[in-house]
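# What the coordinates show
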Amino acid sequence: MEKLVSLCKRRGFLFQSSEIYGGLNGFWDYGPLGVELKRNIKEAWWRDMVTGHDDSSVPLGAPTSYEMTGLDCTIIMHPQVWKCSGHYDLFHDYMVDCRESKRRYRHDQVRGRWVQAKGQRVFVTTMAEVDHEQEDAQARALKFFRLRAKDADQLVWDRSFQTLPEVDDMTQVLGPDAKSLGTLTEPREFNLMFKTYVGALSGEEGAAFLRPETAQGIFVNFKNVLDSSRVRVPFGIAQVGKSFRNEITPRNFIFRSREFEQMEIEFFCHPDASQAWYQFWRDRRMKWYVDLGLAGERLRLREHDAEELSHYSTGTADIEYAFPFLPPGEFGELEGIAHRGDFDLRSHMEGKLDEKTCPLQVELGSDGKPKWKGSGRDLTYRDDVTGERFVPHVVEPSAGADRATLAFLCEAYTEDEAPDEKGQMQSRVVMKFHPRLAPVKAAVFPLVRKDGMPEVAQEIYRAMKPNFPVFYDEKGAVGRRYRRQDEAGTPFCITVDGQTLTDRTVTIRDRDTLEQWRVKVDDCVDEIRQRIL
């Protein structure tokens, strides 16, 4: 993971936000290559899910044909949206504070081990990355017990690493940055929404929130889409956009950050067919990742147990990836596919529903009236063929564009050997992106900067540039130029050499197989276009 993070900065994939001022934790900037990679992921998702969808046929595994459309909603919405959706009351993480260091930690992210020495048993915690947490825990234990490194064998470790919620006795916990025991407070709730103020009013009457998810913008526009686009259930509304969560302790590179981008679909269907649609979307979204190169044992589809389900959900599955920063055998969520039932549309019609009731009923306040009043708008659907009126059920495939970018970066990172310009085998780092996702599709080189080769290379470059991202490079030995493009993930390199000047053919090199073949100059655009689909 350290090598990947280093490469991301060196090659211009990702930078720490505001780095020249020391950075801002939980915020990341995408560099020249990173912005193209993330953009390609979003465009592949939008094309495969929305613009490329065939409304007239039944996809494999789908109960029927369906329609797809899109939205782009505002980041700030009416505060009542978040009260009726449940975010205002329920969108919390548990945090603990350290009385000694004055630092704050997310309760379930603090990990540690029980250790015994000098007749005392304590739980030593650490916030270090998984690869270094034992090293950090040992150093902290030695310091606490006033032992030297050579006395490490006096430390008797008990059990493997645990998270703080699994510890019963907080008085024996050594906080991540503390020198004394029992400095951590009891866990308490922390609302994850960023608060802001709209207009000139600075009091609570002007309070609003940056959206913590893109889904609610789709639900509150459900009727607008129905009335304006003449879609019929079943249909889906897709949206790609920024969301904001005030994470207590963002960590693991861009896996958990405070500003991130989501790719979400809210799929509206008849209640009787909702379970079949849930199965369809679960399988289809899994296949999308596999088709773009996330395959093998590091990718899995996991169905939630009953106790994991959200209060509105009758079924949820996570597409998970074994990120390198996680302990062996653990997976991190890439995308969730949730069967949300009619919770959202009913909440925005009637008022916030009480998650403790079954069937769901509007949550009432002490005055016997709805705790959070809904819009009062009719969000039911009337089938113009059967005449039936119902509240559609919703299946939600919700993916993180940043997490997907991180997963594709991790999967692509490869170290192998390739011959240099002298034919000697040398180690190389290569980013094996799927051609659809690669930031640059091809690079064009003149073998040397003379004999008319640069002119032909620039001719090819100019012909390709309007069709897809292409890079021109004439600096340094050709072997070094190949290595630079391998690190950038460029799938094909085109070299103009001496033979080009006699027969107008060039050499094309494949990034992964290192195979080389010759193609006519005039055929370069079509050759690359066919291979990057």
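Now for a quick tour of the structure. (Residues numbered from 1 in each chain as written. Predicted model: local features only at pLDDT ≥ 70, side-chain atom pairs only at ≥ 80, totals over all residues. Heavy atoms only, no water.)

### Quick notes on the sheet that holds strand E13 (residues 235-244)
So the rule is basically this: Note on pairing: two strands pair once DSSP finds at least 2 bridges between them. Runs of H or I in DSSP of at least four residues are treated as helices and runs of E of at least two as strands, each being numbered from the N terminus. Whenever a helix is involved, its axis is fitted only over the stretch in contact; in every case the axis is a line through C-alpha atoms, and angles between N-to-C directions fall within 0 to 180 degrees.
Here 7 strands make up an open sheet; going across it, the order is E3-E13-E14-E22-E17-E16-E15 and the pairing mixed. In this open sheet, the two edge strands, each paired with only one partner strand, are strand E3 (67-70) and strand E15 (299-303). Ignoring which end each strand starts from, the neighbouring axes of this sheet average 20 degrees apart. Note that E3 and E13 share 4 bridges and pair parallel. The residue of E13 that forms the bridge with Glu 67 is Phe 235.

### Regarding helix H5 (residues 133-144)
Residues spaced three or four apart along an α-helix face the same direction, because each turn holds 3.6 residues. The line we're drawing: To estimate how far a helix should extend, the number of its residues minus one is multiplied by 1.5 Å. Using a 1.4 Å probe on the protein chains alone, a residue whose accessible area is under 20% of its type maximum counts as buried, one over 50% counts as exposed, and one in between counts as partly exposed.
In this model, H5 (12 residues) spans 16 Å end to end at C-alpha, consistent with the 16 Å of a helix rising 1.5 Å per residue. Here H5 has its buried residues at Glu 133, Ala 137, Arg 140, Ala 141 and Leu 142. Positive phi shows up at Arg 146, right after H5, with a value of about 55 degrees.

### Describing unusual backbone geometry
Geometrically, the link from Val 233 to Pro 234 is a cis peptide bond, its omega value of 5 degrees lying close to zero. Locating Pro 234 in the fold gives a position in the loop between helix H7 (222-229) and E13. A positive phi angle, close to 60 degrees, is found at Phe 253, a residue other than glycine. By secondary structure assignment, the location of Phe 253 is in the loop between E13 and strand E14 (259-269). Classification of Phe 253 as buried rests on a relative accessible area of 11%. With phi around 60 degrees, Arg 504 is a residue other than glycine that occupies positive phi space. Mapped onto the fold, Arg 504 is located in the loop between helix H13 (500-503) and strand E28 (505-510).

### Some points on the packing of helix H2 (residues 32-51) against helix H10 (residues 401-412)
Applied cut-off: An angle below 35 degrees is treated as roughly parallel, one above 145 as roughly antiparallel, one from 65 to 115 as roughly perpendicular, and anything else as oblique. If you view the pair so one helix is near and one far, a crossing is left-handed when the near helix is turned anticlockwise from the far one by less than a right angle, and right-handed when it is turned clockwise. Contact between two residues is taken to exist if any of their heavy atoms lie within 4.5 Å; hydrogens are not considered. By the convention adopted, Pro, Cys, Tyr, Trp, Phe, Met, Ile, Leu, Val and Ala count as nonpolar, Lys, Arg, Asp and Glu as charged, and the other residues, Gly among them, as polar.
Closest axis-to-axis distance for the H2/H10 pair is 10 Å, and the angle between their directions is 115 degrees. Taken together, the axes of H2 and H10 lie roughly perpendicular to each other. Between H2 and H10 the crossing geometry is right-handed. Residue-level contacts link Leu 37, Lys 38, Ile 41 and Lys 42 of H2 to Ala 401, Asp 402, Ala 404, Thr 405, Phe 408 and Leu 409 of H10. Across the contact of H2 with H10, the residue classes break down as 6 nonpolar, 1 polar and 3 charged.

### A look at the pairing of strand E16 (residues 315-321)
Two faces, one strand: in a regular strand the side chains alternate between the faces of the sheet. Counting buried positions along E16 gives 7 out of 7 residues, so the element sits mostly inside the fold. Both faces of E16 are covered, namely the face carrying Gly 315, Ala 317, Ile 319 and Tyr 321 and the face carrying Thr 316, Asp 318 and Glu 320. Relative to E16, E15 runs antiparallel, the two being bridged by 5 bridges. Considered in E16, the bridge of Leu 299 is made with Tyr 321. Pairing geometry for E16 and strand E17 (residues 332-341), over 7 bridges, is antiparallel.

### Observations concerning the environment of Pro 234
Look at Pro 234 and you get buried, because its relative accessible area is 17%. Along the primary structure Pro 234 and Val 394 are separated by 160 residues, whereas in three dimensions their C-alpha atoms are 9.8 Å apart. With sequence-adjacent residues up to four places away left out, Pro 234 is seen in contact with Thr 64, Ser 65, Tyr 66, Glu 67, Phe 267, Phe 268, Cys 269 and Trp 277.

### What to know about the nonpolar core
Quick reminder of the rule: Throughout, nonpolar core names a set of buried Ala, Val, Leu, Ile, Met, Phe, Trp, Tyr and Cys residues whose side chains join them through atoms within 4.5 Å.
Of all hydrophobic cores here, the largest spans 58 residues; its most connected members are Trp 277, Trp 281, Tyr 289, Phe 323, Leu 334 and Leu 409. For this core, the element with the most residues is H10, which contributes 8 residues. Judged by nonpolar contacts, the second largest core, of 22 residues, contains Val 444, Ala 457, Phe 468 and Val 521.

### Re the side chain of Asp 344
Mapped onto the elements, Asp 344 comes out in helix H9 (residues 343-350). On the basis of relative accessible area, Asp 344 is assigned to the buried category, the value being 1%. When neighbours within four sequence positions are excluded, Asp 344 is seen to be in contact with Gln 216 and Phe 219.

### Regarding the sheet that holds strand E8 (residues 156-163)
Reading across from one edge, E8-E6-E7-E9 is the order of the 4 strands in this open sheet, with mixed pairing throughout. Either end of the sheet is taken by a strand with one partner, and the two such strands are E8 and strand E9 (173-174). As paired elements, strand E6 (residues 111-117) and E8 share 5 bridges and run antiparallel to each other. In the sheet register, Gly 112 faces E8, and the bridge partner there is Gln 162. Contacting E6, strand E7 (120-126), E8 and E9, H5 crosses the sheet at an angle of about 135 degrees to E7.

### Observations concerning the environment of Arg 511
In plain terms, the rule: Nitrogen and oxygen atoms within 3.5 Å of one another constitute a polar contact, given that in protein one can donate a hydrogen and the other can accept it, and given that sequence-neighbouring residues count only through two side-chain atoms.
As for its position among the elements, Arg 511 is in the loop between E28 and strand E29 (516-520). Relative accessible area serves as the criterion here: at 2%, Arg 511 is assigned to the buried category. Within polar-contact distance, the side chain of Arg 511 engages the backbone oxygen of Gly 489 at 2.6 Å.

### Some details on a nonpolar patch on the surface
Convention followed: Exposure above 30% relative accessible area and no salt bridge define the residues that can form patches, which grow by joining like charges within 9 Å and nonpolar side chains of Val, Leu, Ile, Met, Phe, Trp and Tyr within 5 Å. A 1.4 Å probe and the Shrake-Rupley method give the accessible areas. Residues count as covered only by the protein chains that appear here. Here, a salt bridge means any side-chain nitrogen of Lys or Arg that lies within 4 Å of a carboxyl oxygen of Asp or Glu.
A cluster of nonpolar side chains, Ile 75, Ile 76 and Val 198, forms an exposed patch at the surface whose accessible area comes to about 220 Å². Secondary-structure assignment places Ile 76 in the loop between E3 and helix H3 (79-85).

### Some details on the packing of aromatic side chains
Worth spelling out the cut-off: Stacked, tilted and edge-to-face are the three classes assigned to paired rings of Phe, Tyr and Trp, where Trp is represented by its six-membered ring and a pair needs centres within 6.5 Å; plane angles under 30 degrees give stacked, over 60 edge-to-face, the rest tilted. A ring is scored as having a charge over it whenever the NZ atom of a lysine or the CZ atom of an arginine sits within 6 Å of its centre and within 35 degrees of its normal.
The full count for this structure, using the stated rule, is 28 aromatic pairs. Consider the rings of Phe 492 and Trp 517, whose centres lie 6.5 Å apart with planes at 80 degrees: the pair is edge-to-face. Within this pair, whereas Phe 492 is found in strand E27 (residues 492-496), its partner Trp 517 is found in strand E29, the two being separated by 25 residues in sequence. Of the aromatic side chains, those joined through ring pairs into one cluster are Tyr 66, Phe 267, Trp 277, Phe 280 and Trp 281. The side chain of Lys 83 reaches across the aromatic face of Tyr 88, ending 5.2 Å from its centre. Just above the ring of Phe 255 sits the side chain of Arg 403; from NZ or CZ to the centre is 3.8 Å.

### Quick notes on the pattern of salt bridges
Per the stated rule, a full pass over the model turns up 49 salt bridges. The partner of Arg 11 in a salt bridge is Glu 487, and the shortest N-O contact between them spans 4.0 Å. A residue pair is termed long-range when its members are at least 10 positions apart, and Arg 11 in the loop between helix H1 (2-10) and strand E1 (14-16) and Glu 487 in helix H12 (residues 478-488) qualify at 476 residues. A relative accessible area of 17% means that Glu 487 is categorised as buried.

Such coordinate-based values are descriptive only and should not be taken to indicate function.
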